[in-house]
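What the coordinates show
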Amino acid sequence: MRVAKPSARIETGLARATGAVRAREDAVLSARATGQIRRIRVEVGDRVKAGAVLAELDPANARIALDNAKAVERLAVARPAEADRELARARVLVEGGGLPQAGFDQVQTGREVAAASLDQARAAVRAAEQAVQDTTIVAPFAGVITARYRNAGDTVTLMPVSPIAALTDVDHLELRLGVPEALEPAIERGQPVR
């Protein structure tokens, strides 16, 4: 057995470390809604740009829900105007003593409910519009399709998640090395590594 003192520098000028090369960005993409895949636009090996359409779900149900939400919004738009007219009439009646304060308060609450219903209807339209957008799966970053899990006609679900394709950014790779602590003084930022 040979005993040696620890050293803070590399005597030979050569150090070895084992590591792994990996992509900075790598994602398995899935649908943000449940539905049937209408079309897959990519194959394994395809290079895609950020925002490129990778797959499309059948948007029929999402569009019906959007039409319904817009109809509810149109109804909700009319209610605050009607409630404003009722409130104006109630104000005149309460000032003339023809309506008790409780009745006026009820009409005023009806106006507030109508306004809240309009806000709720507008939020439902935004949610329905998002559901229509969610029927299109797009690349969140540029890269190469490394796997394709589904085909046109397959049904995918939001829960449990149904993967559709995998995307890897092969233009920005990182090398991760496990370096012994004893080598730390000999390593500098920006130092070339072979």
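Preceding this paragraph is the structure being described.
Residues numbered from 1 in each chain as written. Predicted model: local features only at pLDDT ≥ 70, side-chain atom pairs only at ≥ 80, totals over all residues. Heavy atoms only, no water.

1. Here's the deal with the overall build of the protein
Secondary structure assignment for the protein yields two helices and ten strands. Across the protein, helices and strands are ordered from the amino to the carboxyl terminus as β-β-β-β-β-α-α-β-β-β-β-β. For a compact globule of 194 residues, the expected C-alpha radius of gyration is about 16 Å, and the protein comes in at 31 Å, more than 25% above that figure. Summarising its shape, the C-alpha atoms of the protein cover approximately 110 × 45 × 30 Å along the three principal directions. For the protein, buried positions account for 25% of its 194 residues. Look at the contacts in the protein between residues 6 or more apart in sequence, and 78% of them connect residues 24 or more apart. Element-wise, carbon and sulfur atoms account for 52% of the exposed surface of the protein, whose accessible area totals about 13700 Å². (Helix = DSSP H or I, 4+ residues; strand = E, 2+ residues; numbered from the N terminus. Rg over C-alpha atoms; globule rule 2.2 N^0.38 Å. Buried < 20%, exposed > 50% of the residue type's maximum accessible area, 1.4 Å probe, protein only. Contact = heavy atoms within 4.5 Å. Areas by Shrake-Rupley, 256 points an atom, 1.4 Å probe, with all protein chains shown as cover.)

2. Quick look at the pairing of strand E3 (residues 35–40)
Relative to strand E8 (residues 155–156), E3 is paired through two bridges, and the arrangement is antiparallel. Note that in E8 the partner of Gln36 across the bridge is Thr155. With three bridges joining them, E3 and strand E5 (residues 53–57) adopt antiparallel strand pairing. Bridge pairing links Arg39 to Glu56 in E5. (Pairing = 2+ DSSP bridges.)

3. Regarding the side chain of Glu56
Mapped onto the fold, Glu56 is located in strand E5. A distance of 2.5 Å separates the side chain of Glu56 from the side chain of Arg41, its partner in a polar contact. (Polar contact = N/O pair within 3.5 Å; in protein donor to acceptor, adjacent residues only side chain to side chain.)

4. Some details on the packing of helix H1 (residues 60–95) against helix H2 (residues 101–133)
Packing of H1 against H2 leaves a shortest axis separation of 8 Å and a crossing angle of 165°. The angle between H1 and H2 places the two elements in the roughly antiparallel class. Note that H1 runs across H2; the crossing there is left-handed. Broken down by class, the residue content of the contact of H1 with H2 amounts to 23 nonpolar, four polar and ten charged. (Axes fitted to C-alpha atoms, helices over the stretch in contact; angles between N-to-C directions. Parallel < 35°, antiparallel > 145°, perpendicular 65-115°, else oblique. Left-handed = near helix turned anticlockwise from the far one by under 90°. Nonpolar A, V, L, I, M, F, W, Y, C, P; charged D, E, K, R; others polar.)

5. Quick notes on the nonpolar core
Core analysis: the largest hydrophobic core is formed by 18 residues, its most contacted members being Val48, Leu54, Ile164 and Leu167. The set of elements that each furnish at least two residues to this core consists of strand E2 (26–30), E3, E5 and strand E9 (163–168). Those residues in contact with Leu54 that lie beyond four places of it in its chain are Leu29, Ile40, Arg41, Val42, Val48, Ile137, Val138, Ala139 and Ile145. Counting residues in each nonpolar core, the second largest holds six residues, with Ala62, Leu66, Val125 and Ala128 among its members. (Core = buried A, V, L, I, M, F, W, Y, C linked by side-chain atoms within 4.5 Å.)

6. A look at the side chain of Asp134
Relative to the assigned elements, Asp134 resides in the loop between H2 and strand E6 (136–138). Contact partners of Asp134, with chain neighbours within four places excluded, come to Arg32 and Leu57.

7. Structural notes on the sheet that holds E2
Backbone-to-backbone hydrogen bonds join strands into a sheet, with any given pair of strands oriented parallel or antiparallel. Strand order in the open sheet made by the four strands is E2-E9-E7-E4, with antiparallel pairing throughout. Every other strand in the sheet has two partners, leaving E2 and strand E4 (47–48) as the edge strands with one partner each. Note: E4 against strand E7 (residues 143–148), two bridges, orientation antiparallel. Residue pairing across strands places Val48 opposite Gly143, the latter belonging to E7.

8. Some words on the sheet that holds E6
The four strands are arranged E6-E5-E3-E8 in an open sheet whose pairing can be described as antiparallel. Edge strands, defined here as strands with exactly one partner in the open sheet, are E6 and E8.

9. Remarks on H2
Each turn of an α-helix holds 3.6 residues, which means side chains three or four residues apart point in the same direction. A rise of 1.5 Å per residue sets the reference length of H2, with its 33 residues, at 48 Å; its end C-alpha atoms lie 48 Å apart and thus fit the reference within 8%. Listing the buried residues of H2 in full gives Gly103, Phe104, Ala114, Leu118, Ala121, Val125, Ala128 and Val132. Where H2 is buried, its residues touch H1 and E6. (Expected span 1.5 Å × (residues − 1).)

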